[in-house]
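Observations on the three-dimensional arrangement
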Amino acid sequence: MTSIKIHDKEFEPYLKDEDIQQRIKEVAKQISEDYAGKRPLFVAVLNGSFMFAADLFKYLEIEAEICFIKLSSYKGTQSTGKVITTIGLDDDLFGRDVILVEDIVDTGKTLHNFLPRLIHQQPKSLRLATLLHKPEATVHPLQLDYVGFVIPNKFVVGYGLDYDGLGRNLKEIYQLVS
Ligand code: IMP
């Protein structure tokens, strides 16, 4: 893996494809154990989580459902903090065991602003799963139940995550060279 350029910025290799897949298998195993005998509903947050959600879902060993929603608080490499919903939640969450799936929890603003809307629907249980977590960037602390990788406060791309629309198709995760 070598460094790459996306738009005006340089990114260096950070997490390898096989390490990402291995970790997702472990998280899927843990979820399968925790939800044995249940049928959780995964609510995946687009666009960034589409790859993580697909792989996580594929590795599950239990019955489960999945749906997708779209929220946004990001422009370029900075979170704006304003959450916009562009694709809503059609599924009824009442009485369901819900697992919200994110690509990355950075400041926590997106989920902090969106969670009340989920809780309002009275799911039976609600847990959060994220591939990446940047604890140093936390503004709104959240209880994250399933975390793939804890990473430093540096902008990353790849495996679903973008920099101004590009980089989502990379199998690996790259970190901004600063
Ligand atoms: P938060 O609201 O600050 O926690 O940001 C959450 C959203 O911002 C994520 O779902 C991503 O879409 C985006 N985001 C945060 N950090 C990064 C990053 O390093 N690379 C790409 N997108 C990011």
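The notes below deal with the structure included here. (Residues numbered from 1 in each chain as written. Predicted model: local features only at pLDDT ≥ 70, side-chain atom pairs only at ≥ 80, totals over all residues. Heavy atoms only, no water.)

What follows concerns the nonpolar core. Nonpolar side chains in soluble globular proteins generally cluster together in the buried interior. I31, L56, L131 and L132 are the most contacted members of the largest nonpolar core, which totals 28 residues. Elements with a minimum of two residues in this core: α1 (17-34), β3 (41-46), α2 (50-58), β6 (97-105), β7 (125-133) and β8 (146-150). Considering every element that reaches this core, the biggest residue donor is α1, with five residues. Excluding its chain neighbours within four sequence positions, the residues that come into contact with L132 are L15, D103, I104, V105, F149, I151, V156, L161 and I173. Counting 17 residues, the second largest nonpolar core, distinct from the first, contains L93, F114, L115 and L128. (Core = buried A, V, L, I, M, F, W, Y, C linked by side-chain atoms within 4.5 Å. Buried < 20%, exposed > 50% of the residue type's maximum accessible area, 1.4 Å probe, protein only. Helix = DSSP H or I, 4+ residues; strand = E, 2+ residues; numbered from the N terminus. Contact = heavy atoms within 4.5 Å.)

Below, the discussion takes up the packing of aromatic side chains. Taken as a whole and judged by the stated rule, the model has four aromatic pairs. Ring centres 5.8 Å apart and planes at 80 degrees place the aromatic pair F42 and F57 in the edge-to-face group. With F42 in strand β3 and F57 in helix α2, the pair connects residues that are 15 residues apart, well separated along the chain. Classification of F42 by relative accessible area gives buried; the value is 2%. Between F155 and Y163, the ring centres sit 6.0 Å apart and the planes meet at 75 degrees, which makes this aromatic pair edge-to-face. Residue classification places F155 among the buried positions, given a relative accessible area of 12%. Through a chain of ring-to-ring contacts, three or more aromatic side chains come together here, namely F11, F155 and Y163. Taking NZ or CZ as reference, K58 lies 5.8 Å from the ring centre of Y59, over its face. (Phe/Tyr/Trp six-rings, centres within 6.5 Å; stacked < 30°, edge-to-face > 60°. Lys NZ or Arg CZ within 6 Å of the ring centre and 35° of its normal.)

Attention now goes to the site of the ligand. Neighbouring the ligand are 17 residues, the closest being D103, T107, G108, T110 and V156. The side chain of E102 places a nitrogen or oxygen atom 2.9 Å from an oxygen atom of the ligand. In the complex, 92% of the free accessible area of the ligand, which totals 490 Å², lies under the protein chains. Mapped onto the shell around the ligand, the elements with two or more residues apiece are β4 (65-75), β6 and α3 (109-119). A breakdown of the residues in the shell around the ligand according to their chemical character gives six nonpolar, five polar and six charged. (Near = heavy atom within 4 Å. Polar contact = N/O pair within 3.5 Å; in protein donor to acceptor, adjacent residues only side chain to side chain. Areas by Shrake-Rupley, 256 points an atom, 1.4 Å probe, with all protein chains shown as cover. Nonpolar A, V, L, I, M, F, W, Y, C, P; charged D, E, K, R; others polar.)

Attention now moves to α1. Note on helix geometry: an α-helix contains 3.6 residues per turn, so any two residues three or four positions apart are oriented the same way. With 18 residues, α1 ought to run about 26 Å at 1.5 Å a step, and its terminal C-alpha atoms sit 26 Å apart, in line with that. All of the buried residues in α1 are I20, Q21, I24, V27, A28, I31 and S32. When α1 is viewed along its axis, its buried side chains cluster within an angular range of 140 degrees and face the same direction. (Expected span 1.5 Å × (residues − 1). Arc of directions from axis to C-beta.)

Turning to the pattern of salt bridges, a few remarks are in order. Throughout the structure, instances matching the rule amount to nine salt bridges. Put simply, D34 and R127 hold a salt bridge, and the shortest N to O gap is 3.6 Å. One end of the pair, D34, is in helix α1; the other, R127, is in strand β7, and 93 residues separate them in sequence. Under the relative-accessibility criterion, R127 is labelled partly exposed at 32%. One salt bridge connects R168 with D162, and the closest N-O pair in it is separated by 3.3 Å. (Salt bridge = Lys/Arg side-chain N within 4 Å of Asp/Glu carboxyl O.)

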